[in-house]
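If you want the building blocks of each chain, they are given just below.
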Amino acid sequence: MKMVTAIIKPFKLDEVRQALSEVGVQGLTVTEVRGFGRQRGHTELYRGAEYVVDFLPKVRIDAAVADGLLERVIEAIEVAAHTGKIGDGKIFVTPLAEVIRIRTGEAGDAAV
């Protein structure tokens, strides 16, 4: 099992959620986050004063995924979150040692 974490642009959330539902992902955790990558933020002009926006709003999506579904999940996120512009985001995949459903005590793939 793997934990897939995607950092995407906020306006792409609905498209990514729909794409993940279509490939069989049954649960997600979504968090509003702020950060920057290569673009290092940007400069904006407000009421004649220039200021730097260091941290840009992003959305973090976490999903526990069975190994057999991993490639389809990654592809679904890549296609749905792609705009072709800087700041599209990143996908991180990390191993999950164990998953346990608190209500039933199920473990492993059955808990996902």
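All figures in this text were calculated on a predicted structure; none of them were measured in a lab.

Q: I would appreciate a short explanation of the overall build of the chain in the present structure.
A: The number of helices and strands found in the chain is 2 helices and 6 strands. Reading the helices (α) and strands (β) of the chain from amino to carboxyl end gives β-α-β-β-β-β-α-β. Against the compact-globule benchmark of 13 Å for 112 residues, the chain has a radius of gyration of 17 Å, which places it well outside the compact range. With respect to the principal axes defined by its C-alpha atoms, the chain has extents near 60 × 25 × 20 Å.

Q: Looking at this model, I keep getting lost on the pattern of salt bridges. Mind explaining?
A: Pairing is possible between side chains that carry opposite charge, provided their charged atoms lie close to one another. Under the criterion given, the structure shown has 5 salt bridges. Between Glu 106 and Arg 101 there is a salt bridge, and its shortest N-O distance comes to 3.2 Å. Taking the relative accessible area as the measure of exposure, Glu 106 reaches 31% and is therefore partly exposed. Of the residues examined, Arg 101 reaches a relative accessible area of 27% and is grouped as partly exposed.

Q: Would you explain the nonpolar core in this entry?
A: Nonpolar side chains tend to gather and get buried jointly when the protein is soluble and globular. Ranked by internal contacts, the top residues of the largest apolar core, which has 20 residues, are Ile 8, Val 16, Leu 20, Val 25, Val 73 and Ile 77. If you list the elements that add at least two residues to this core, you get β1 (2-8), α1 (13-23), β5 (56-65) and α2 (70-81). Ranked by residue count, the leading element in this core is α2, at 7 residues.

Q: So what exactly am I meant to see when it comes to the side chain of Lys 9 here?
A: Among the secondary structure elements, Lys 9 is positioned in the loop between β1 and α1. Looking at Lys 9, the relative accessible area reads 15%, which means it is buried. In this structure the side chain of Lys 9 is engaged in a polar contact, spanning 3.4 Å, whose partner is the backbone oxygen of Ile 86. Those residues in contact with Lys 9, other than ones at most four positions away along the chain, are Lys 58, Thr 83, Lys 85, Ile 86, Gly 87 and Asp 88.

Q: What is the right way to read the sheet that holds strand β2 (residues 29-35) from this model?
A: Sheet strands associate in pairs through backbone hydrogen bonding, adopting either a parallel or an antiparallel arrangement. Taken in spatial order, the 4 strands line up as β2-β5-β1-β6 in an open sheet, and their pairing is antiparallel. On the outer flanks of this sheet lie β2 and β6 (89-95), each paired with one strand and no other. For this sheet, the mean inter-axis angle between neighbouring strands, taken without regard to orientation, is 20°. Here α1 sits on the sheet and contacts β1, β2 and β5; the angle it forms with β5, its principal contact strand, is near 10°. Running over the sheet, α2 touches β1, β5 and β6 and is turned about 5° from β1.

Reading the values: rules and limits
Residues numbered from 1 in each chain as written. Predicted model: local features only at pLDDT ≥ 70, side-chain atom pairs only at ≥ 80, totals over all residues. Heavy atoms only, no water. Helix = DSSP H or I, 4+ residues; strand = E, 2+ residues; numbered from the N terminus. Rg over C-alpha atoms; globule rule 2.2 N^0.38 Å. Salt bridge = Lys/Arg side-chain N within 4 Å of Asp/Glu carboxyl O. Buried < 20%, exposed > 50% of the residue type's maximum accessible area, 1.4 Å probe, protein only. Core = buried A, V, L, I, M, F, W, Y, C linked by side-chain atoms within 4.5 Å. Polar contact = N/O pair within 3.5 Å; in protein donor to acceptor, adjacent residues only side chain to side chain. Contact = heavy atoms within 4.5 Å. Pairing = 2+ DSSP bridges. Axes fitted to C-alpha atoms, helices over the stretch in contact; angles between N-to-C directions.

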